[in-house]
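# Observations on chain architecture
The residues making up each chain are set out below.
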Amino acid sequence: QPMLPVGPHAYYFMAKDRNGDCVSLPSAGFLRGPEVMAMPNSPPALIDQRNDPKIGGTTNLCGFPQHYNFLVHYNDVDGDDPPVALIYIDNVPHAMKRIKGNAANGLYSYRGGAFPSNMHTYYYYFEDDKGASVRMPEVGVFHGPVVTR
């Protein structure tokens, strides 16, 4: 179904009568309407975040780097995809990828590893394709994971 651009529009009808003559309605000019209005953009939301494990070492039991998983649910009621989907760990941005659902309502993940021993902080930052943004938490940071030797 074609979408009309934002702004005023006009139209008229053309047909052939029984004699094959062209007729128009209105007979001259056009009819006004519809007026297409821009829909305001609703900002996206981030819901139900977590990281796993919350405490761990720099390596796992086999001696390989320990991986830490970060998950967040992104939802945009307008159906806008997030061209920007980031997690900031210790103020360093990392791209997140969608692992479930669709782009406008899905679960996004980042799997990081080789964190140094320390207490780490993180927050999420997403933007929809119309420029509205959301940060979780709105102010401050989440604490974790705690990485030990």
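First things first, this report covers the structure right here in the doc. (Residues numbered from 1 in each chain as written. Predicted model: local features only at pLDDT ≥ 70, side-chain atom pairs only at ≥ 80, totals over all residues. Heavy atoms only, no water.)

### Notes on the overall build of the chain
Along the backbone of the chain there are zero helices and 14 strands. Secondary structure elements of the chain, listed N to C terminal, follow the sequence β-β-β-β-β-β-β-β-β-β-β-β-β-β. Expected size for 149 residues packed as a compact globule is a radius of gyration near 15 Å; at 26 Å, the chain overshoots this value by more than 25%. Along the three orthogonal principal directions, the C-alpha set of the chain runs to about 90 × 30 × 20 Å. Expressed as a percentage of its 149 residues, the buried residues of the chain come to 32%. Residue pairs at least 24 apart in sequence account for 61% of intrachain contacts in the chain once pairs closer than 6 positions are excluded. Accessible surface, the chain as shown: approximately 10000 Å² in total, 57% of it carbon and sulfur. Here the chain holds 12 positive side-chain charges and 14 negative ones, and the gap between their average locations is 8 Å. (Helix = DSSP H or I, 4+ residues; strand = E, 2+ residues; numbered from the N terminus. Rg over C-alpha atoms; globule rule 2.2 N^0.38 Å. Buried < 20%, exposed > 50% of the residue type's maximum accessible area, 1.4 Å probe, protein only. Contact = heavy atoms within 4.5 Å. Areas by Shrake-Rupley, 256 points an atom, 1.4 Å probe, with all protein chains shown as cover. Lys, Arg positive; Asp, Glu negative; His and termini not counted. Charge placed at Lys NZ, Arg CZ, Asp CG, Glu CD.)

### Here we look at the nonpolar core
Among soluble globular proteins, nonpolar side chains are generally buried collectively. Grouped together as the largest cluster of nonpolar side chains are 19 residues, with contacts concentrated most on Phe 70, Met 96, Tyr 124 and Phe 126. Among the secondary structure elements, those contributing two or more residues to this core are β7 (67-75), β8 (84-89), β11 (105-113), β12 (118-127) and β13 (133-136). Here this core takes four residues from β7, the largest share from any one element. Among all residues touching Met 96, those that are not within four sequence positions of it are Phe 70, Val 72, Ala 85, Leu 86, Ile 87, Tyr 108, Ser 109, Tyr 110, Tyr 124 and Phe 126. (Core = buried A, V, L, I, M, F, W, Y, C linked by side-chain atoms within 4.5 Å.)

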